[in-house]
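Commentary on secondary and tertiary structure
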Amino acid sequence: MDFFLPFCIICISIYNTREGEDMFYIDSESDQPIYSQIRDGIVREIARGGLREGDPLPSVRTLGQDLGVNPMTVNKAYGILKEEGFIVIDRRLGAKVSVDNRPQALEDLRVRMEKLLIEARARGLSPDLIEKWMRGEEE
Amino acid sequence: MIDIILGGTGLFVLGIMYSQMRRLFDYNMGQVLYTHIPIEDRDRPSLVDFLKGSKRTYQVLNLILGALILMTGLVFPEKYKALSYIIILYLGIFGLMAYLQVCILAFRRRKEREGIHVGTKAYVDPKASRVLEQAKLPAGLWALPLLIFFLGYLVLELVWPGQDRIFFFVNLSLMLSIYAMAFGLSKVPVKPVSKDTERNIFLNKKRSLALKEACFGMAGAYSILLLLSAYLVHSDPYKVVPILGLQILPILAFTLYILKKNKEVDREISREMDQEGIYLDEGDYFDILGYKNPKDQRIMVADPLMVSNLTINRGNKKGKAIFYTGSILLALTLTLSLFAIIPIDYSFSLGEDYLDLRAHLYRDRVYYKDIEAIYYRDSFPEGHVVKTNGVADDYQANGDFSIQGKGPVRFYLYQNQEEMIEIQRKGQKPIYLNLEDSKDLKDLYHDLDQKIKK
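Summarised in this report is the structure supplied together with it. As the structure is a computational prediction, the values presented were derived from the model and not from experiment.

1. Topic: unusual backbone geometry
All names here are of chain B. In the Ramachandran plot, Leu 33 falls in the positive-phi region, its phi being about 50° despite a non-glycine side chain. In this structure, Leu 33 sits in the loop between β1 (31-32) and β2 (35-36). The backbone of Tyr 34 shows a phi angle near 55°, a positive value even though the residue is not glycine. Residue position: Tyr 34 is located in the loop between β1 and β2.

2. Structural notes on the nonpolar core
All names here are of chain B. With 37 residues, the main nonpolar core has Met 21, Leu 24, Leu 33 and Phe 107 as its most contacted residues. Where this core is concerned, the elements lending two or more residues are α1 (2-21), α2 (45-75) and α3 (81-113). When residues of this core are assigned to their parent elements, the largest contribution, 12 residues, is made by α3. Among residues more than four places away in sequence, those in contact with Leu 33 are Leu 24, Phe 25, Phe 50, Leu 51, Cys 103, Ile 104, Phe 107 and Arg 108. Residues Leu 174, Phe 216, Ala 230 and Phe 254 belong to the second largest nonpolar core, which totals 29 residues.

3. A closer look at the packing of aromatic side chains
Applying the stated criterion to the full structure yields 27 aromatic pairs over all chains. Between the aromatic rings of Tyr395(B) and Tyr414(B), the centroid separation amounts to 5.8 Å while the plane-to-plane angle is 80°, which identifies the pairing as edge-to-face. One end of the pair, Tyr395(B), is in the loop between β12 (385-392) and β13 (396-403); the other, Tyr414(B), is in strand β14 (residues 407-414), with 19 residues separating them in the sequence. Note on accessibility: Tyr395(B) and Tyr414(B) belong to one class, buried. The ring of Tyr25(A) is capped by Lys121(B), whose NZ or CZ atom sits 4.7 Å from the centre of that ring. Cation over ring: Arg314(B) sits above Phe323(B), and NZ or CZ is 5.5 Å from the ring centre.

4. Some words on the pattern of salt bridges
Residues and elements named next belong to chain B. Under the definition given, this model contains 30 salt bridges over all chains. Note that Glu 264 and Lys 261 form a salt bridge whose closest N and O atoms lie 3.6 Å from each other. Separated by three residues within a single helix, Glu 264 and Lys 261 lie in helix α8 (residues 241-276), roughly one turn from each other. Note that Asp 364 is salt-bridged to Arg 410, the shortest N-O span being 2.7 Å. One end of the pair, Asp 364, is in strand β10 (residues 362-367); the other, Arg 410, is in strand β14, and 46 residues separate them in sequence. Among the charged side chains, a network of salt bridges with common partners joins Asp 364, Asp 400, Arg 410, Arg 425 and Lys 429.

5. Some words on the interface of chain A and chain B
Contacts between chain A and chain B engage 27 residues on the former and 28 residues on the latter. When the two sides are added together, the surface that chain A and chain B hide from each other amounts to roughly 2,400 Å², 52% of it contributed by carbon and sulfur. Contact with chain B buries surface across chain A, with Met23(A), Gln65(A) and Asp66(A) losing the most and accounting together for 27% of the total. For the interface between chain A and chain B, the tally reads one salt bridge. For Asp55(A), the salt bridge goes to Lys127(B), with nearest N and O atoms at 3.6 Å. For the pair chain A and chain B, the interface holds 12 residue pairs in polar contact (both at pLDDT 80 or more).

Rules and cut-offs
- Think of each chain on its own: its residues are numbered from 1, step by step along the sequence as written.
- Labels are handed out in written order, letters beginning with A for the chains and numbers beginning with 1 for the ligands.
- Residue-level local features of this predicted model are given only where pLDDT is at least 70; pairs of side-chain atoms are given and counted only at 80 or more, and the full residue set underlies all totals for whole chains, interfaces and linings.
- Computation of side-chain values: all heavy atoms of the structure, hydrogens and water removed.
- Only DSSP runs of H or I reaching four residues or more are called helices, and only runs of E reaching two or more are called strands; each is numbered from the N terminus.
- In these notes, a set of buried Ala, Val, Leu, Ile, Met, Phe, Trp, Tyr and Cys residues joined through side-chain atoms within 4.5 Å is what counts as a nonpolar core.
- For each residue, the accessible area found with a 1.4 Å probe, counting protein chains only, is set against the maximum for its type, and the residue is called buried under 20%, exposed over 50%, and partly exposed in between.
- Whether two residues are in contact is decided by their heavy atoms, any of which lying within 4.5 Å being enough.
- Pairing of aromatic side chains here covers Phe, Tyr and the six-membered ring of Trp, requires ring centres within 6.5 Å, and sorts the geometry by plane angle: under 30 degrees stacked, over 60 edge-to-face, intermediate tilted.
- Each ring is checked for a lysine NZ or an arginine CZ that lies within 6 Å of its centre and within 35 degrees of its normal; such an atom marks a charge sitting over the ring.
- Here, a salt bridge means any side-chain nitrogen of Lys or Arg that lies within 4 Å of a carboxyl oxygen of Asp or Glu.
- Put simply, buried area is the surface a 1.4 Å probe can reach on two separate parts but cannot reach once they are joined, added for both.
- Polar contacts, as counted here, are pairs of nitrogen or oxygen atoms within 3.5 Å of one another; within protein the pair requires one atom able to donate a hydrogen and one able to accept it, and residues that are adjacent in sequence qualify only if both atoms are side-chain atoms.

What follows is the structure, given as structure tokens:
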């Protein structure tokens, strides 16, 4: 776990400094379920800084229309995002970005990341290479 | 006159269709012939050659159809003119649509052969989507023009009772057509056309929101214009200015305005996407019949090129059911409209107690005991005539009409015959009928006269 903290800091700094492209896409041919792609897309936008704390999200109906998917699929993605502490949903005002860094959420993230890093070590990848990947540089 | 009306309408429909469909052959918002092509591939010689050739053929087909429409007036006899115009226009439009569909499918096959990636992605700019969602007019405000329209009609009915019901329903359907246009625009998805969210908001606003607001303005203005036309028609039903000037011309001008604006904005968006190198590879699900994507659960989908146009997703079960039911209904309507103008001579039979008259959908049984008077006229009564629920061309006029100074009447008339019989009935509309031959008409008049006198 010696480079867990630098990993997080670098990740956040990379995404915050990336310019433009405040958009994401879903791919209907992908094996990943659509709701999961929407969830990942919004998390990526939050990480990039395209969506900031307090920014309102489109309604499930509007996002469904713009992506060409059923509003129920968007609703499921929003439910997961709410559960994970990335957004809050107000029945009257709709959904907005509200990243809740509660200890449990951070602990879950740490466990997931730990698994990835263990796999990286098991494959014999050097910390330098992983850092390069994190910076978005070519191998 | 029929040549000007039908020929002009045919050429107008053809012109509008041509100007809209021609755009399918131009690279627009990452698409050509409803097929996504990456910017770097759009200048491939094989694709360019295909597009050039098919566009030229499409232009030639349009020219041929235009010439056929113009020639119809010269070639066909008076009796079959209306029918010929309509059949040529129907066949021409269906033929052009079939040709475009063939082009789309052939182009997609070519794209596949060339190894150009077929996309399955859908893009969104969540921030732009939200901003535009919030900028929409409140739903309650949309009720205002309809409220003005209904309240206005209520006042008209209270002050001048006996407003024409058919005219009311025509006005209502015109009002609702503006709402349908706005509804179509509200379904246009917000698409990221730039890497900059502000530009996305600006351009998408121009593409759908601004046009939707124009629809709202038009609905407001139209509610007043239509009320004014109702008042003018009530004061003098034989005036054409209220119908032409206040009903037809405004909606025609507005439709052309929307099409022109849509074209301008699409060009601007295309330029922006070209400059920024944005390419939305969202899959090729659209064609000339609409949209077909089994993975999309939506039933109505906004057309990416024809703004305010909603198409049915015939890829899922519900959409398929609606599409095929709608197609059958359309075919029935077209067949019925053709049936209504087939030049079948009206028939009559003189019975012991009554005279039966029959022309297409119009039927009358005139009992001799109900006839108050019968006249043989050498010419048509003076005064303007308006069609209320009738069919008329240069050959025949059948059904309900209204003559200035006489009121509602029923016609069974050949247009090339000046002479006619006028039958006045107790508490019912007078009937005007004639035959192509004067001698036959005079014989009929004498027979009728004898029967009545019995």
